[in-house]
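Descriptive structure summary
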Amino acid sequence: MNSSFEQYEVWFVTGAQLLYGGDAVIAVDAHSNEMVKGLNGSGKLPIKVVYKGTANSSKEAEAVMKAANNDDKCIGIITWMHTFSPAKMWIHGLQQLKKPLLHLHTQYNKEIPWDTMDMDFMNLNQSAHGDREFGHICTRMRIRRKVVAGYWKDEDTQHKIGIWMRACAAWADAQDMLIIRFGDQMNNVAVTDGDKVEAEVRMGYHVDYCPVSELMEYHAQVKDADVDALVTTYFQEYDHDKKLEDKHTEAYQKVWNSAKAEIALRAILKAKGAKGFTTNFDDLGQTDGSHFDQIPGLASQRLMAEGYGFGAEGDWKSAALYRTAWVMNQGLPNGCSFLEDYTLNFNNTNSAILQAHMLEVCPLIAAQKPRLEVHFLGIGIRKSQTARLVFTSKAGTGCTATVVDLGNRFRLIVNDVKCIESKPLPKLPVASALWIPQPNFEVGTSAWILAGGTHHSCFSYDLTAEYWEDYAEIAGIEMVYINKDTTICDLKKELRMNEIYYMLNKALC
Ligand code: MN
C-alpha cells in the first residue's frame, strides 16, 4: 500500500506590506519565486513547494490560510517575512489556520553587500526584524509551529524543512487513517489500551473493531491459484530450505496457509480502506468454520513492510504510530519496524535489550535476506507449526517511539538507541534486533519506565528525534525525549513540570 508524497504540496507564503511601494512588492515576489524554485530544485525536499504569493494585508493573510485549510493537497504552510510585515495583519489568518506551520527565518541575500548596501536594499532584506515580529505574534497566540533558521540554499536548512514535510505528510495521512482491530485487546493489559475517542480528537485516526468472523468471510473467498502464486513469490523473495518447497509436507502447508491468511487480511483491509490493523493471538476464528490455523505472523510482517500499521495483542496505538513512522520513513534507506522489548542482556557498558516479537517484526530492518522458516509456536489459542521470516537487524543508530495514554493526555516517548549486532537464536527462531538505549542501559530504561513507556515501540534507523518532535508539535501532544544527555534527576523534573503544564493547558483550551 502506498502513500506517495506526490499527492501532497506545501505552500510558501511571503509576508510583506505595501509601505515600501509596489516596486518593492514586485521584487519580493520575484525573490520568493526564485527561492521556491531553488528549494524545489535542491532535490532535498520530499514534497513540492508551491509559491502562493505575498500577503500584504490582513485580508490577504486570512484568505491564504483559509484556502490552505480547504485544499486537501496542502499539508502545511511555510511563512517567511521578506520585509517587515506588521504582525497584527497575521492575527486573523493565524486564528483560521488548521494546517501545520513552519516559520522559515532566512534571507534572500546571503551576505551583506557592505560597499553597495543602501536604503533600497534595506527596504527589501528585512527578515532579521520581520521574522521576529511574525514569531512574536505566533508565540503570543500560542501557535504551534516549527521555526527553521538558516540560509535557504544551505543543505542543513533544507534538511530541516524536509523533516518537517515528512511529519506533515504523516499528519495528513493520520487524519484519514482507519485502524482495524481483529479481536479485542489482550485481556488485562494496561499499556496497550487507552482512549480511542481522545486519540481521534488529538491525533486524527479512527479505530474500529472487526469481528474475526467477518475476516473469515474474506478468508473463505481466497482463490487457491492466488495462494499458489503468493507462495511462489515467497520462495523467490526469501532464503529457505529447499525441502520447504515439498508440497507433501506439513511445513509447506503451513506456508500455504500463511499466504492465504495474508491475502485475506489484505483484501479486508483494502475493502475497508484501512491503513493498519491489530491482531490477538487468542482470536483466530472458530475451529469448526473458516479459521487461521496459526497466528498470521508472516502476513503481519509482510503487510508492515508494505506500509500497513501493525500492533500485536490489540495494540491500536502502536498500529497507528507504526503507520505514521512508515509514512515519514518512505524512501529513506534503512527501514522501520514494530518491536517489543523481549529480554535483557547484561554486559556491563554494553548491556542491551533484545528486540523481537513472537513473530511480527518488519523485514525492512533486516541485515540480511530474511529466511522463511516454519517452527512450532506454543502461544495463543491455536498452538501450531507457524511460518515466519527470520533475520537479525542492521547495526547502527536509530530512534524508537511509543505513545501512551496517561489518562488526561497522550505522551509520546522517544529514545535514541544504538543497535549492535544481534545473534541468531537457533532455539527461538524469530526476527530480532539488539540495542543499547541511550545514554546507556541503566538510564535509558529507567527513564523509559519512569515516563510510563510501553514494551511495544515503533523503531526506525532513519527517523531521528527531530521527526518525532515535529510530529508531536503538530499534534499538540507531549514528547519526552530520552537521549545521550538524559539524567534521571532532570527527567523526573521534566515529568513533574509537564504534569502541571498539561493540566493548566487543558484548563486554558
Ligand atoms: Mn507484544
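It should be noted that the structure appears before, not after, this text.
A quick note: this is a predicted structure, and the numbers were derived from the prediction, not measured. (Residues numbered from 1 in each chain as written. Predicted model: local features only at pLDDT ≥ 70, side-chain atom pairs only at ≥ 80, totals over all residues. Heavy atoms only, no water.)

Here the focus is the coordination of the manganese ion. Bound to the manganese ion on the protein side are Glu-313 (OE), Glu-340 (OE), His-357 (NE2) and His-456 (NE2), at distances that span 2.0 to 2.2 Å. Written as a sequence motif, the donor arrangement for the manganese ion is E-x26-E-x16-H-x98-H. One end of the pair, Glu-313, is in the loop between β10 (309–311) and α12 (316–329); the other, His-456, is in strand β18 (residues 456–460), with 143 residues separating them in the sequence. Accessibility classification places Glu-313 together with His-456 in one group, the buried group. (Donors = N, O, S within 2.8 Å, 3.2 Å for Na, K, Ca; no water. Helix = DSSP H or I, 4+ residues; strand = E, 2+ residues; numbered from the N terminus. Buried < 20%, exposed > 50% of the residue type's maximum accessible area, 1.4 Å probe, protein only.)

If you walk across this open sheet you meet the five strands as β2-β1-β3-β4-β5, and the pairing is parallel. Whereas interior strands pair on both sides, the edge strands pair on one side only; in this sheet they are β2 (48–55) and β5 (146–149). When strand polarity is set aside, the average angle formed by the axes of neighbouring strands in this sheet is 25°. Note that strand β1 (residues 9–15) and β2 share six bridges and pair parallel. Bridged to Trp-11 within β2 is Val-50. Where helix α2 (residues 58–70) meets the sheet, its contacts fall on β1, β2 and β3 (74–81), and the angle it forms with β3 comes to roughly 155°. Of the strands in this sheet, β1, β2, β3, β4 (101–105) and β5 touch helix α6 (residues 155–174), which is tilted by about 145° from β3. (Pairing = 2+ DSSP bridges. Axes fitted to C-alpha atoms, helices over the stretch in contact; angles between N-to-C directions. Contact = heavy atoms within 4.5 Å.)

As a volume, the largest pocket reaches approximately 1600 Å³. Of all the elements in the fold, those that place two or more residues in the lining of the largest pocket are β3, α3 (91–96), α6, α7 (196–203), α14 (465–475), β19 (478–482) and α15 (488–508). The element best represented in the lining of the largest pocket is α14, accounting for seven residues. Approximately 240 Å³ is the volume attributed to the second largest pocket. What lines the second largest pocket is a set of 16 residues, among which Asp-341, Ile-353, Thr-445, Trp-448 and Ile-449 lie closest to the centre. Of all the secondary-structure elements, those providing two or more residues to the lining of the second largest pocket are β11 (336–345), β16 (410–420), β17 (432–437) and α13 (441–450). Its residues assigned to classes, the lining of the second largest pocket shows nine nonpolar, six polar and one charged. (1 Å grid on protein atoms, 1.4 Å probe; cavity = no way out; pocket = protein on both sides within 12 Å on 5 of 7 lines; lining within 4 Å. Points joined across faces, edges and corners; volume = space filled by probe spheres on them. Nonpolar A, V, L, I, M, F, W, Y, C, P; charged D, E, K, R; others polar.)

A few words on the packing of aromatic side chains. With the rule as written, the count across this model stands at 17 aromatic pairs. Summarising the aromatic geometry, the rings of Phe-12 and Trp-80 are spaced 6.3 Å apart at their centres and angled 55° between planes, so their arrangement reads as tilted. Of this pair, Phe-12 sits in strand β1 while Trp-80 sits in strand β3; the two residues are 68 residues apart in sequence, bridging distant segments of the chain. A relative accessible area of 0% means that Phe-12 is categorised as buried. For Trp-80, a relative accessible area of 0% corresponds to the buried category. With a centroid separation of 6.5 Å and 15° between ring planes, the pair formed by Tyr-108 and Trp-152 is classed as stacked. With Tyr-108 in the loop between β4 and α4 (119–124) and Trp-152 in the loop between β5 and α6, this pair connects stretches of sequence that are 44 residues apart. Each member of the pair Tyr-108 and Trp-152 is classed as buried. Each residue in the set Phe-182, Phe-277, Phe-310 and Phe-338 is aromatic and connected to the rest through ring pairs, giving one cluster. A cation over an aromatic ring shows up here: Lys-52 above the ring of Trp-11, its NZ or CZ 4.2 Å from the ring centre. (Phe/Tyr/Trp six-rings, centres within 6.5 Å; stacked < 30°, edge-to-face > 60°. Lys NZ or Arg CZ within 6 Å of the ring centre and 35° of its normal.)

The next point concerns the pattern of salt bridges. Under the definition given, this model contains 22 salt bridges. Here Lys-146 and Asp-470 are joined by a salt bridge, their closest N and O atoms 2.7 Å apart. Placement of Lys-146 in strand β5 and of Asp-470 in helix α14 is noted, with a sequence separation of 324 residues between them. Residue Lys-242 is joined to Glu-245 by a salt bridge in which the shortest nitrogen-to-oxygen separation is 3.1 Å. (Salt bridge = Lys/Arg side-chain N within 4 Å of Asp/Glu carboxyl O.)

A separate point is the packing of helix α10 (residues 250–272) against helix α11 (residues 297–306). Across the interface, α10 lies against α11 with an axial gap of 8 Å and an inter-helix angle of 45°. On the basis of the axis angle, α10 is oblique to α11. Crossing geometry of α10 relative to α11 is assigned as right-handed. Within the contact between the two elements, α10 uses Ser-258, Ala-261, Glu-262, Leu-265, Arg-266 and Leu-269 and α11 uses Leu-298, Ala-299, Arg-302, Leu-303 and Glu-306. Residue composition of the contact of α10 with α11, grouped by class: six nonpolar, one polar and four charged. (Parallel < 35°, antiparallel > 145°, perpendicular 65-115°, else oblique. Left-handed = near helix turned anticlockwise from the far one by under 90°.)

Among the five residues of β18, five are classified as buried, and the element is accordingly described as predominantly covered. One ladder, built from three bridges, connects strand β15 (residues 396–405) with β18; its direction is antiparallel. Paired with Cys-399 across the strands is Ser-460, a residue of β18.

Attention shifts here to the side chain of Thr-400. Within the element layout of this structure, Thr-400 appears in strand β15. For Thr-400, a relative accessible area of 2% translates into the label buried. Polar contacts involving the side chain of Thr-400 include one to the main-chain carbonyl oxygen of Cys-458, which spans 3.3 Å. Contact partners of Thr-400, with chain neighbours within four places excluded, come to Ile-413, Val-414, Asn-415, Val-417, Trp-435, Trp-448, Ser-457, Cys-458 and Phe-459. (Polar contact = N/O pair within 3.5 Å; in protein donor to acceptor, adjacent residues only side chain to side chain.)

Okay, the pairing of strand β14 (residues 384–390) next. Here β14 lies mainly inside the structure; six of its seven residues are buried. As paired strands, strand β13 (residues 371–377) and β14 are joined by seven bridges and run antiparallel to one another. Across the sheet, residue His-375 finds its bridge partner in β14, namely Thr-386. Connecting β13 to the antiparallel partner β14 that follows it, the hairpin turn spans six residues, and Gly-380 within it adopts a positive phi of roughly 90°.

What follows covers the environment of Lys-275. As for its placement among the helices and strands, Lys-275 is situated in the loop between α10 and β9 (276–278). For Lys-275, a relative accessible area of 11% translates into the label buried. Between the C-alpha atoms of Lys-275 and Asn-408, which are 133 residues apart in sequence, the distance is 27 Å. Among the polar contacts listed, one links the side chain of Lys-275 to the backbone oxygen of Asp-176, at a separation of 3.2 Å.

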